Amino acid sequence: VFDDDPTGSQTVYNCPLLLKWDEKTLLKAIESSANVIFILANTRALASLQAQSRIREICQSIKNILNNKRININDIFFISRGDSTLRGHGFVEPKVLNEELGPFDATFHIPAFLEGGRTTVNGLHLLDGKPLHSTIFAQDNIFGYSTSNMPLWLEEKSKGIIKARDVSLISLKELDLAFHSQAGMNNLLERLLGLRGNQSLIVDAESPHQLLSFAEAVKTLKGRKRFLARSAASF
């Protein structure tokens, strides 16, 4: 997990939290018994170019270790941990990770943080049911935005590199069906199997079981597809 702010690691336990990313430190974490490794990149405190440089530096250390130890990069799932109120380098960081550690078949944008009242419904990101762009968070001097519609948000933040019309949605209904029936899970798996070319997708969530369903589907496809998540929580 590339964590862009110190608050992310507060939601997990029993895993290494790295404040530096030299190869010796990373190797010790990778060789531990932990299933999750948090790297506090703290990129939310940096300007865009500095953030990109730091992510590339971390990726180079990771690639060196994987090559030296002959570890298959496909056995590792990468998460760009971001802010549930949409502040931070939400387009730039996944872009750099795809360039350095990809190519990925898809990047999932999962901004929901249910414990904090942040949900995503029909691609619209909400805080306690209120569109996030109408809250004070959207007025941030550095990371402000004009829309809570996640496809439009991606288009805005990417300066048109990602078009809203090209962004897909994994809906609450699909995730509910996947949770309640094997047929629903099979349909979700089939859809994920068809992804390629680093497709951008928004993942809806308003209940924990929906995130659990999605995580289970991604886990099932390990080794068959390569995905990146830009997530507000380590699902």
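Residues numbered from 1 in each chain as written. Predicted model: local features only at pLDDT ≥ 70, side-chain atom pairs only at ≥ 80, totals over all residues. Heavy atoms only, no water.

**Digging into the environment of aspartate 166**
What counts here: Strands here mean DSSP runs of E at least two residues long; helices mean DSSP runs of H or I at least four residues long; both are numbered from the N terminus. The rule is simple: take the accessible area with a 1.4 Å probe, protein chains only, and divide by the maximum for that residue type; under 20% is buried, over 50% is exposed, in between is partly exposed. For this analysis, residues touch if any pair of their heavy atoms sits within 4.5 Å.
By the secondary structure assignment, aspartate 166 is in the loop between helix 4 (150-157) and strand 9 (168-170). The exposure class assigned to aspartate 166 is partly exposed, which follows from its relative accessible area of 45%. Residues aspartate 166 and leucine 212 lie 46 residues apart in sequence; the distance between their C-alpha atoms is 26 Å. If we ignore the near neighbours within four places in the chain, the residues touching aspartate 166 are Gln199 and Ser200.

**Topic: helix 7 (residues 208-220)**
For clarity, the threshold we go by: Expected span of a helix: the number of residues minus one, times 1.5 Å.
Its 13 residues place the ends of helix 7 18 Å apart at the C-alpha level, agreeing with the 18 Å of an ideal helix rising 1.5 Å per residue. Restricting attention to buried positions, one finds in helix 7 the residues Gln210, Leu211, Ser213, Phe214, Ala215, Ala217 and Val218. Among the structural elements, strand 5 (106-110), strand 9, helix 5 (172-180), helix 6 (182-193), strand 10 (199-203) and strand 11 (227-231) are those in contact with the buried residues of helix 7.

**Quick word on the environment of valine 36**
In this structure, valine 36 sits in the loop between helix 1 (23-30) and strand 3 (38-40). Judged by relative accessible area, valine 36 falls into the partly exposed class, the value being 31%. Distance in space between the C-alpha atoms of valine 36 and histidine 133 is 32 Å, their sequence separation being 97 residues. Sequence-distant contacts of valine 36, that is, excluding residues within four places in its chain, are made with Val1, Cys15 and Pro16.

**A closer look at the pattern of salt bridges**
Threshold: Salt bridge criterion: a side-chain nitrogen from Lys or Arg within 4 Å of a carboxyl oxygen from Asp or Glu.
By the definition in use, this model includes 13 salt bridges. The shortest N-O distance in the salt bridge between arginine 81 and aspartate 3 comes to 2.8 Å. Taken together, the positions of arginine 81 in strand 4 (residues 78-81) and aspartate 3 in strand 1 (residues 2-3) put the pair 78 residues apart, joining distant regions of the chain. Through salt bridges that share partners, Asp3, Asp4, Arg44, Arg81, Asp83, Arg87, Glu93 and Arg230 make up one connected network.

**Remarks on the sheet that holds strand 9**
In plain terms, the rule: Each pair of strands is called paired provided DSSP finds at least two bridges between the two strands. Each axis is a line fitted through C-alpha atoms, and for a helix only the stretch in contact is used; angles between axes span 0 to 180 degrees, taken between their N-to-C directions.
Strand order across the open sheet formed by eight strands is 2-3-1-4-11-5-10-9, with parallel pairing between neighbours. The sheet is open, and its two borders are formed by strand 2 (17-18) and strand 9, each paired with just one other strand. Relative to strand 10, strand 5 runs parallel, the two sharing four bridges. By the bridge assignment for strand 10, threonine 107 is matched with serine 200. Lying over the sheet, helix 7 contacts strand 5, strand 9, strand 10 and strand 11, oriented at roughly 165° with respect to strand 5.

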